[in-house]
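Each chain, letter by letter, is given below.
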Amino acid sequence: MRKKMTLLALSLPILFLCNLAFGSVSIPIGQVMQILLGESSGKATWDFIVLQSRLPQAMTAVFCGSSLAVSGLMLQTYFRNPLAGPSVLGISNGASLGVAIVMLALGGTLGAGGQMGNGLHFSGSMMVILAAFIGAVIVTALYLVVTNFIKNNLVILILGIMVGYLTSSVVTLLNFFATVENVHSFVSWGMGSFSNVTTAQLPLFCCISSAGIAIALLLTKSFNMLLLGENYAENLGANIKNIRRMVLISTGILTAVTTAFCGPVSFIGLAVPHIARLIICSEDHRALIPATLMSGAAIAMLCNIICILPQQMIIPLNAVTPLFGAPVIIYIIMKKR
């Protein structure tokens, strides 16, 4: 296991450098490292591309991939369901509804600035991010209230599916009555991208993601107890109600911030925890959580490289993530029979 973890850790800096070097403009790895060390490459355009464009994009991929992956692991462990993921509880759907209201009903865009129908000026990208975050937080808060009255985990999962259907219905209605331009903007956001986070926004994105990941790390011992079942976990001193609350808070934070900044990224939260299990061949969360974090970062950076490799165009992120996620899920379903 230790050797596999070491190889996984070594893959991260390699993939990170590849994210900085490859794209529509190829930059030698040596020049990239020189720029990262604070020296000039001799070409101002290369310096700008690495520091202002590709570095924030690579950092976003690392934190987004890790956040969604650990969210999926927490939900799969707590609900004891291998097909549970961040989208199952409808949190990402809540974020999509918030964005739909801004883009489709109020005419917001992903541009640097915009104007609503009543003449109110705003920063387009920040308005979209704020709307997505508020939508996800509202759904998470709803679950925190409901779980005080509902103790059955299956009912909570079904509730999440119903919330997803309701929000999707509202989004469909907003799409129907919106203009062609606004629908195009919303569809573009829904394709997912790691390039929406600017250098100025990156510290906020990383700090919020780190807070959600920290909560997950604090629950490591509790997750190992839950592997024995809730009754055994309670006999060992675990507070199931508190664990549920912490799982929802952490998942809500991580799903909200990633969906707000990157769009509804698919399959990473669902498939990466299984990839981590296959790599380390263990259910011990002391190793599984770090492996999931690193696997999520690695898969996200690999997907980003595939997205930016074609010349003069960028492939939508959600067109690439299923290439890694879908085969894993099919394998798990066939294995579980």
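Look a little higher up for the structure.
These notes cover the structure that comes with them.

Side note on the pattern of salt bridges
Next up, step 1: One pass over the full model with this rule turns up two salt bridges.
Next up, step 2: For Glu283, the salt bridge is made with Arg277, and the minimal N-O distance between the two is 3.3 Å.
Next up, step 3: A residue is classified by how much of its surface remains accessible, and Arg277, at 15% relative accessible area, is buried.
Next up, step 4: In this structure, the salt-bridge partner of Asp284 is Arg286, at a minimum N-O distance of 2.7 Å.

Here's the deal with the packing of aromatic side chains
Next up, step 1: Summed over the entire model, instances satisfying the criterion amount to four aromatic pairs.
Next up, step 2: Where Phe205 meets Phe261, the ring centres are 5.2 Å apart and the plane angle is 65°; that geometry is what we call edge-to-face. Here the residue Phe205 occupies a position in helix α8 (residues 202-218), and Phe261 occupies one in helix α11 (residues 240-262), the gap between them amounting to 56 residues.
Next up, step 3: With relative accessibility at 0%, the residue Phe205 sits in the buried group.
Next up, step 4: Since its relative accessible area comes to 3%, Phe261 is described here as buried.

Observations concerning the state of the cysteines
Next up, step 1: Counted by the stated rule, this structure contains zero disulfides.
Next up, step 2: You can see Cys64 has no disulfide; the closest cysteine sulfur is in Cys262, sitting 3.9 Å from it.
Next up, step 3: Lacking any disulfide linkage, Cys303 is separated from the closest cysteine sulfur, that of Cys307, by 6.6 Å.

Let's talk about a nonpolar patch on the surface
Next up, step 1: Nonpolar side chains collect at one region of the surface, where Leu154, Ile158, Ile161, Met162 and Tyr165 lie side by side and expose about 510 Å² of accessible area between them.
Next up, step 2: Position of Ile161 among the secondary structure elements: in helix α6 (residues 153-177).
Next up, step 3: Accessibility expressed as a relative area gives 39% for Ile161, which makes it partly exposed.

Examining the nonpolar core
Next up, step 1: Leu89, Phe186, Phe205, Val247 and Phe261 are the most contacted members of the largest nonpolar core, which totals 100 residues.
Next up, step 2: Looking at this core element by element, the count peaks at 15 residues for helix α3 (residues 44-79).
Next up, step 3: Aside from chain neighbours lying at most four places away, what touches Phe186 is Ser96, Val99, Ala100, Met103, Leu104, Val171 and Asn175.

Side note on the packing of helix α1 (residues 2-21) against α3
Next up, step 1: Interhelical geometry of α1 versus α3 gives an angle of 145° and a closest axis separation of 9 Å. In terms of crossing hand, the pair formed by α1 and α3 is right-handed. Contacts between α1 and α3 involve Phe16, Asn19, Leu20 and Ala21 on the former and, on the latter, Val50, Arg54, Leu55, Ala58, Met59 and Val62.

Digging into unusual backbone geometry
Next up, step 1: Residue Phe267 is not a glycine yet carries a positive backbone phi of 70°.
Next up, step 2: Its location among the elements puts Phe267 in the loop between α11 and α12 (268-280).
Next up, step 3: For Cys281, which is not glycine, the phi dihedral falls at a positive 55°.

With respect to the packing of α3 against α11
Next up, step 1: Where α3 contacts α11, the axes come no closer than 9 Å and their chain directions differ by 150°. Here α3 is positioned roughly antiparallel relative to α11, judged by the angle of their axes. Seen along the crossing, α3 lies across α11 with a hand that is left-handed. Along its contact with α3, which presents Thr60, Cys64, Ser67, Leu68, Val70, Ser71, Met74, Leu75 and Tyr78, the element α11 presents Ile240, Ile243, Arg244, Val247, Ser250, Thr251, Leu254, Thr255, Thr258 and Cys262.
Next up, step 2: Looking at the contact of α3 with α11 residue by residue, the classes come out as 11 nonpolar, seven polar and one charged.

Focus: the environment of Leu317
Next up, step 1: Mapped onto the secondary structure, Leu317 falls in the loop between α13 (285-308) and α14 (321-336).
Next up, step 2: Linking Leu317 and Gly192, residues 125 residues apart in sequence, is a C-alpha distance of 5.2 Å.
Next up, step 3: Setting aside residues up to four positions removed in sequence, Leu317 forms contacts with Met191, Gly192, Ser193, Phe194, Val265, Cys303 and Cys307.

Each value, and the rule that gives it
- Residues numbered from 1 in each chain as written.
- Predicted model: local features only at pLDDT ≥ 70, side-chain atom pairs only at ≥ 80, totals over all residues.
- Heavy atoms only, no water.
- Salt bridge = Lys/Arg side-chain N within 4 Å of Asp/Glu carboxyl O.
- Buried < 20%, exposed > 50% of the residue type's maximum accessible area, 1.4 Å probe, protein only.
- Phe/Tyr/Trp six-rings, centres within 6.5 Å; stacked < 30°, edge-to-face > 60°.
- Helix = DSSP H or I, 4+ residues; strand = E, 2+ residues; numbered from the N terminus.
- Disulfide = S-S within 2.5 Å.
- Patch = residues over 30% accessible without salt bridge, like charges linked within 9 Å, V, L, I, M, F, W, Y side chains within 5 Å.
- Areas by Shrake-Rupley, 256 points an atom, 1.4 Å probe, with all protein chains shown as cover.
- Core = buried A, V, L, I, M, F, W, Y, C linked by side-chain atoms within 4.5 Å.
- Contact = heavy atoms within 4.5 Å.
- Axes fitted to C-alpha atoms, helices over the stretch in contact; angles between N-to-C directions.
- Left-handed = near helix turned anticlockwise from the far one by under 90°.
- Parallel < 35°, antiparallel > 145°, perpendicular 65-115°, else oblique.
- Nonpolar A, V, L, I, M, F, W, Y, C, P; charged D, E, K, R; others polar.

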